[in-house]
Amino acid sequence: GWVPVKASEASAEEGAAMARLMQLSLRGARGLTGRPTSSRRLVTRCGTSGKFWIGGNWKSNGTAESVAKLVDELNSGTVPSNTEVIVSPTFLQIPYVSQNLDQTKFAVSAQNCWVEGYGAYTGEISAEALADAGLNWVILGHSERRALNGESNELVADKTKKALDTGLSVIACIGETLEQRESGEMFNILDAQLAAIADKVSDWSKIVVAYEPVWAIGTGVVATPDQAQEVHAYLRKWFADKVSADVSKSIRVVYGGSVNAENCAELATKEDVDGFLVGGASLKGPDFLVIANAFETQAVSA
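Here is a short report on the structure shown in this document.

Conventions and cut-offs
- Residues numbered from 1 in each chain as written.
- Predicted model: local features only at pLDDT ≥ 70, side-chain atom pairs only at ≥ 80, totals over all residues.
- Heavy atoms only, no water.
- Helix = DSSP H or I, 4+ residues; strand = E, 2+ residues; numbered from the N terminus.
- Buried < 20%, exposed > 50% of the residue type's maximum accessible area, 1.4 Å probe, protein only.
- Salt bridge = Lys/Arg side-chain N within 4 Å of Asp/Glu carboxyl O.

Quick notes on unusual backbone geometry
At Lys-59, a residue that is not glycine, the phi angle is positive and equals roughly 50 degrees. Turning to its location among the elements, Lys-59 is positioned in the loop between strand E1 (52–57) and helix H3 (64–75). Using a relative accessible area of 21% as the deciding quantity, one classes Lys-59 as partly exposed. One non-glycine residue, Ser-258, adopts positive backbone phi at about 60 degrees. With respect to the secondary-structure elements, Ser-258 resides in the loop between strand E7 (252–256) and helix H12 (264–267). On the basis of relative accessible area, Ser-258 is assigned to the buried category, the value being 18%.

This is the structure we're talking about:
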């Protein structure tokens, strides 16, 4: 079972943590383990065989007026052919966005779904209902739902299987808290989050993994490019060791956590960073378009 947690409880000691966050963001390029991280620039496609991937998670934001403005801004921009771009409005805004957003450039995702199908589940949205509405994507396991709604690794895994069985593609979110990172438990936490999904899922072809360090979400503190690369390389090795070499090569592992128009280009240089799941900056049309073009602007090695 799971028990809802108040937001105030989930963000306890936030003020004291911010000082540690700033220090953490300035750590050197050797990362947490002391191992040097890769500096090879991109030549073709990160470490995978798919397109660069950009997701915009609008969370519980957007009025009818602001969403209409944002849709107009996005429609006025361009998206490169080597990049797949998804936006995720609130459930109430999905019909308008689906009808008015240029879906030759963007796809639309939901932010959550329930673990069961249609039935007596007040307040929940089934994967079947999302598919019936024409959606192809859903975000599952976001740290805000894990913290505020008590979603366990097992529940996230069950939701993932349900969504995949219904034909949806899944953005599966994982990530550690500041305390878990500083205590040396980070990799154990990530292992457990992925292992729960691997116990229920055999086909990873419709999953994008979003690594979102909880300490970087909405704080303005972003992991350094080398910190992000170190974790993404670890996750790719995890897939090679625990799932298969083919999945390790093909799965897209994207970074989330205070990504914006200023830092996206440098983050996109890292070979195992296959895109971004963007929060606040996705509510600003011009900024999100800059992020959507981050991979297109990267120089390539001779």
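Things to note about the pattern of salt bridges
Tallied over the full model, the rule gives 14 salt bridges. With its nearest N and O atoms 2.8 Å apart, the salt bridge here joins Lys-59 to Glu-144. Taken together, the residues span a long stretch of sequence, with Lys-59 in the loop between E1 and H3 and Glu-144 in helix H6 (residues 143–148) at a distance of 85 residues. Here Glu-176 ties to Arg-181 by a salt bridge, and the two come within 2.8 Å at their closest N and O atoms. On the accessibility criterion, Glu-176 (0% relative accessible area) is buried. Because the salt bridges share partners, they merge into one network encompassing Arg-145, Glu-151 and Lys-159.

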